[in-house]
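Coordinate inspection notes
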Amino acid sequence: MIKKCLFPAAGYGTRFLPATKAMPKEMLPVVNKPLIQYGVEEALDAGLTEISIVTGRGKRALEDHFDISYELENQIKGTDKEKYLVGIRKLLDECSFSYTRQTEMKGLGHAILTGRPLIGDEPFAVVLADDLCVNLEGDGVLTQMVKLYKQFRCSIVAIQEVDPAETNKYGVIAGEMIRDDIYRVHSMVEKPKPEDAPSNLAIIGRYILTPDIFDLIEQTEPGKGGEIQITDALMKQAQNGCVMAYKFKGKRFDCGGAEGYIEATNFCFENFYKTGKAY
Ligand code: G1P
């Protein structure tokens, strides 16, 4: 079934300057773990063991994070500090990591297309690591989406209801509700002004995509902001075939900005760190 998960991670993280000047935004810690580690853990929980990361200049810390640090391992061997590395060691044992670089920033659609050689011709998940998703009640968001994929066999976007004044921060869908939490997508628009938005159902950073998306991205002209938008390529897929939108169970924090980042930090501190589940 789905084995691969793509992490577009080439972006500059301008909303977090100057912290992100020399450090990838995906390495920002939420309490004690970098953002991208939460994403990879969510992927592994969903059975996605082949991790593909689209990086860019200045992003080498990502590769070093998903590798053994011999000096460190040696230093803490046999001490109680080893517990801090249990989680990351599990990821290294159970996942493979491959990387490619996006040399020019031309949008999320372009970043996903850059990952094509790592993905090939199979369905795959996409995680935008600065959206941190957690579900204390049960399955993680990607696990929920992989289950749905088995049922629908088409691309799926995770959505949530947002304040109508904030539609200009998201891809926004319109569709027909086929179940409480599932919509068949009819149209989608990238970052519409509130008065132009077809709904307040916003796409967040979790996708399952069928591989025909790559040809569609190739045929997609630059859209909003002069960038190649995944939303525009998905719109074509919705017209040709099927795209579902899924109102996931759980919480999502926008860690690309200070407010969401602080909320996520407090949440993870209370629910994971203090309870001893943070490693
Ligand atoms: C991207 C997508 C947008 C989506 C958002 C989710 O925008 O283009 O459709 O709603 O991620 O986080 P970005 O936040 O990268 O500008």
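Below you will find a few notes about this structure. (Residues numbered from 1 in each chain as written. Predicted model: local features only at pLDDT ≥ 70, side-chain atom pairs only at ≥ 80, totals over all residues. Heavy atoms only, no water.)

**Observations regarding the pattern of salt bridges**
As a reminder, the rule being used: We count a salt bridge whenever a side-chain nitrogen from Lys or Arg sits within 4 Å of a carboxyl oxygen from Asp or Glu. Helix numbers and strand numbers start at the N terminus; a helix is a DSSP run of H or I with at least 4 residues, a strand a run of E with at least 2. Here the term buried applies to any residue with accessible area under 20% of the maximum for its type, exposed to any over 50%, and partly exposed to those in between, with areas from a 1.4 Å probe on protein chains only.
Following the criterion strictly, the structure yields 21 salt bridges and no others. A salt bridge links K25 to D130; the nearest nitrogen and oxygen atoms lie 2.7 Å apart. Here the residue K25 occupies a position in the loop between β1 (4–8) and β2 (29–30), and D130 occupies one in the loop between β6 (124–127) and β7 (131–134), the gap between them amounting to 105 residues. Residue D130 is classed as buried on the basis of its relative accessible area, which comes to 17%. With its nearest N and O atoms 2.7 Å apart, the salt bridge here joins E26 to K59. Note that E26 is positioned in the loop between β1 and β2 and K59 in the loop between β4 (50–55) and α2 (60–65), a separation of 33 residues in sequence. Here E26 matches K59 in class, with each residue buried.

**Things to note about the site of the ligand**
Let me state the cut-off plainly: One heavy atom suffices: a residue is near a molecule or strand as soon as one of its heavy atoms comes within 4 Å of it. Whenever two N or O atoms come within 3.5 Å, that pair is a polar contact, provided that in protein one can donate a hydrogen and the other can accept it, and provided that, for residues adjacent in sequence, both atoms are side-chain atoms. To be clear on the numbers: accessible area is Shrake-Rupley with a 1.4 Å probe, and residue cover counts the displayed protein chains and nothing else. A cavity here means a set of 1 Å grid points, computed over protein atoms only, where a 1.4 Å probe fits but cannot escape. A pocket is an open set with protein on both sides within 12 Å along at least 5 of 7 lines, and lining residues have an atom within 4 Å of a point. The way we define it, a molecule is inside a pocket or cavity when more than half of its atoms are within 2 Å of that pocket's grid points.
Around the ligand lies a shell of 13 residues, among which D131, G171, E190, K191 and I203 are the nearest. The separation between an oxygen atom of the ligand and a polar main-chain atom of G171 is 2.9 Å. At 2.6 Å from an oxygen atom of the ligand is found a main-chain nitrogen or oxygen belonging to I203. Considering the ligand on its own, with 380 Å² of exposed area, one finds that the protein chains cover 76% of that surface. The site holding the ligand turns out to be the largest pocket. Residue contributions to the shell around the ligand peak at 4 residues, all from strand β11 (residues 201–209).

**Observations concerning the packing of aromatic side chains**
Rules: Between 30 and 60 degrees the pair is tilted, below 30 it is stacked and above 60 it is edge-to-face, where a pair is any two Phe, Tyr or Trp rings, Trp via its six-membered ring, whose centres lie within 6.5 Å.
Applying the stated criterion across every chain, the model contains 7 aromatic pairs. Ring geometry for F16 and Y261: centres 5.1 Å apart, planes at 75°, overall edge-to-face. Highlighted residues: F16 in the loop between β1 and β2 and Y261 in helix α10 (residues 258–273), separated in sequence by 245 residues. According to the relative accessible area criterion, Y261 is buried, its value standing at 14%. An angle of 25° between the planes, with centres 5.7 Å apart, marks the rings of F269 and Y273 as stacked. Residue F269 and its partner Y273 are located together in helix α10, separated by 4 residues, close to a single helical turn. A residue is classified by how much of its surface remains accessible, and Y273, at 37% relative accessible area, is partly exposed. Three or more aromatic residues link up through ring pairs in this structure, and these residues are F253, F267 and F272.

**Observations concerning the state of the cysteines**
Defined as follows: Put simply, a disulfide is two cysteine sulfurs that come within 2.5 Å.
Counting across every chain of the model gives 1 disulfide. At a sulfur-sulfur separation of 2.4 Å, the disulfide partner of C154 is C242. With the S-S dihedral at roughly -125°, the linkage between C154 and C242 falls on the left-handed side. With a gap of 88 residues between them, C154 in the loop between α7 (141–152) and β8 (155–161) and C242 in the loop between α9 (230–240) and β12 (243–247) connect regions that are remote in the sequence. Looking at C154, the relative accessible area reads 4%, which means it is buried. No disulfide involves C5; its sulfur sits 9.4 Å from that of C95, the nearest cysteine. By relative accessible area, C5 is classed as buried at 0%. C255 carries a free sulfur, and the closest cysteine sulfur to it, the one in C268, is 7.5 Å from it.

**Focus: the pairing of β1**
Which entries qualify depends on this criterion: Between any two strands, at least two bridges found by DSSP are needed for them to pair.
Of all 5 residues making up β1, 5 are buried, and the element is well covered by its neighbours. On β1, burial covers both faces: K4, L6 and P8 on one face and C5 and F7 on the other are all buried. Relative to β4, β1 runs parallel, the two being bridged by 5 bridges. Paired with F7 across the two strands is I53, which belongs to β4.

**Points about the layout of surface pockets**
Empty space among the atoms becomes visible once a probe the size of a water molecule is rolled across them. Stated precisely, the cut-off is as follows: Grid points are joined across faces, edges and corners, and a volume is the space filled by probe spheres set on the points. Polar here means any residue outside two lists: the nonpolar Ala, Val, Leu, Ile, Met, Phe, Trp, Tyr, Cys and Pro, and the charged Asp, Glu, Lys and Arg; Gly therefore counts as polar.
In this structure, the largest pocket occupies an estimated 1100 Å³ of space. Lining the largest pocket are 39 residues, with K25, L108, L128, D130 and K191 positioned closest to its centre. Sorting the residues of the lining of the largest pocket by element identifies α5 (108–114), β11, α9 and β13 (251–254) as the ones contributing at least two each. Partitioning the lining of the largest pocket into residue classes produces 15 nonpolar, 11 polar and 13 charged. Taken together, 27 residues form the lining of the second largest pocket, with K33, E41, E42, D45 and F272 sitting closest to its centre. Secondary-structure elements contributing two or more residues to the lining of the second largest pocket are α1 (35–45), α4 (86–94) and β7. Examining the composition of the lining of the second largest pocket, we find that 7 residues originate from one element, α1, more than from any other.

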